[in-house]
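# Coordinate inspection notes
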Amino acid sequence: ESYGLRLTSPEVSDSHYTFTLGSSSLNPGSTYTISVDMKFDGLATNGYEYGIAYTSVYLYGPDGLSSFKDFAFGENGVSSDWTTYNYKFTTPANFTKADINLGFYRMSGKAGYDNLSIVDSEGNKVLSHIDKKTMKAACYFSEGYLPAILDSGFEQTKLYMSSNKISMIMASALPKTNGVS
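Rules used in this analysis
- Numbers given for residues are sequential positions, taken from 1 along each chain in its written order.
- Note on the predicted model: pLDDT of at least 70 is required for a residue's local features to be given, and 80 or more for side-chain atom pairs to be given and counted; whole-chain, interface and lining totals, by contrast, use all residues.
- Hydrogen atoms and water are omitted, and side-chain values are computed over all heavy atoms in the structure.
- In this description a helix means any DSSP run of H or I spanning at least four residues, a strand means any run of E spanning at least two, and both kinds are numbered starting from the N terminus.
- Residue contacts are defined here by distance: any two heavy atoms, one from each residue, within 4.5 Å place the two residues in contact.
- Pairs of N or O atoms are called polar contacts if they sit within 3.5 Å, as long as, within protein, a hydrogen donor faces a hydrogen acceptor (for residues adjacent in sequence, only side-chain-to-side-chain pairs).
- By definition, a salt bridge exists where a carboxyl oxygen of Asp or Glu is found within 4 Å of a side-chain nitrogen of Lys or Arg.
- Stacked, edge-to-face and tilted labels apply to pairs of Phe, Tyr and Trp rings (six-membered ring for Trp) whose centres lie within 6.5 Å, assigned for plane angles under 30 degrees, over 60, and everything in between, in that order.
- By definition here, charges over rings are those cases where NZ of Lys or CZ of Arg is within 6 Å of the ring centre and within 35 degrees of the ring normal.
- Of the two site types, the cavity is a set of points on a 1 Å grid over the protein atoms alone where a 1.4 Å probe fits but cannot get out, and the pocket is an open set with protein on both sides within 12 Å along at least five of seven lines, each lined by residues with an atom within 4 Å of a point.
- Grid points are joined across faces, edges and corners, and a volume is the space filled by probe spheres set on the points.
- The cut-offs for exposure are 20% and 50% of the maximum accessible area for each residue type, with area from a 1.4 Å probe on protein chains only; residues under the lower value are buried, those over the upper are exposed, and the others partly exposed.
- If DSSP finds at least two bridges between two strands, the strands pair.

## Some words on the environment of Thr90
Within the secondary structure, Thr90 sits in strand 5 (residues 83-90). Sequence-distant contacts of Thr90, that is, excluding residues within four places in its chain, are made with Gly29, Ser30, Thr31 and Leu59. For Thr90, the side chain forms a polar contact with the side chain of Thr31, separated by 2.9 Å.

Right, dumping it as structure tokens:
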């Protein structure tokens, strides 16, 4: 079975991969729908009261975070087949950027992500897949936690770690895969 992306964490992780879209991709004061397929395997909080594997949208203006929503998630004890999640959001009038986060909050296990897309209110695709152009991502993780491991079904990746941030560079010279099993 292939995945667009898969996060794997054998230990509890508090980390996420972020895809940033600016005002050149999303217009201020406009409505969009984000969609993602997710599959979970063996999610566990391992003693924490609460944890999730998730996809979220964070919207920012010039003064910082305007709003956020964890719109797709799996909780402790969940294993599931592919499920499609949708979320409609409106960018603020003073919109500067949106962060699309894929990650774990106090969770271990596996989370698969595929068919990530964003369309505007007229159905025009703003983001229709994850590839080396759209995958200008970084991984952030909390102190005391290990980052979740990312597998990409589109191209292999290289991760560079410094402090609590991992910058992910798509390695176009590496052989392409046909999905990650």
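## Structural notes on the pattern of salt bridges
On inspection of all chains with the given rule, the structure shows one salt bridge. Between Lys97 and Asp99 there is a salt bridge, with the nearest N and O atoms lying 3.7 Å from each other.

## Some points on the packing of aromatic side chains
Any two aromatic rings considered together are summarised by their centre-to-centre distance and by the angle between their planes. Tallied over the entire structure, the rule returns four aromatic pairs. The ring centre of Tyr60 lies 4.7 Å from the NZ or CZ of Lys97, which sits over that ring.

## Structural notes on the layout of surface pockets
The gaps of empty space that remain are located by a probe, the size of a water molecule, rolled over the atoms. Of the volumes computed, that of the second largest pocket is approximately 190 Å³. Looking at the second largest pocket, it is lined by 13 residues, and the ones nearest its centre are His16, Tyr54, Tyr58, Asp70 and Asn101. Contributions of two or more residues to the lining of the second largest pocket are made by strand 1 (5-22), strand 3 (52-61), strand 4 (64-75) and strand 6 (97-120). If you tally residues by element for the lining of the second largest pocket, the top one is strand 3, at five residues.

## Remarks on the environment of Asn86
Summarising the element assignment, Asn86 is placed in strand 5. When residues no more than four places from it in sequence are discounted, the contact partners of Asn86 are Thr33, Ile34, Ser35 and Phe71. A distance of 3.0 Å separates a polar atom in the side chain of Asn86 from a polar atom in the side chain of Ser35.

## Remarks on the environment of Ala111
Structurally, Ala111 is set in strand 6. Since its relative accessible area comes to 0%, Ala111 is described here as buried. Sequence separation between Ala111 and Ala53 is 58 residues, and the spatial gap between their C-alpha atoms is 6.7 Å. Every residue in contact with Ala111, bar those within four places of it in the chain, is listed here: Leu5, Arg6, Leu7, Lys39, Phe40, Ala53 and Phe104.

## Considering the pairing of strand 1
Of all 18 residues in strand 1, 13 are buried, a share of seventy percent or more. Across 15 bridges, the pairing between strand 1 and strand 6 is antiparallel. When the bridges of strand 6 are listed, Thr20 appears paired with Asp99.

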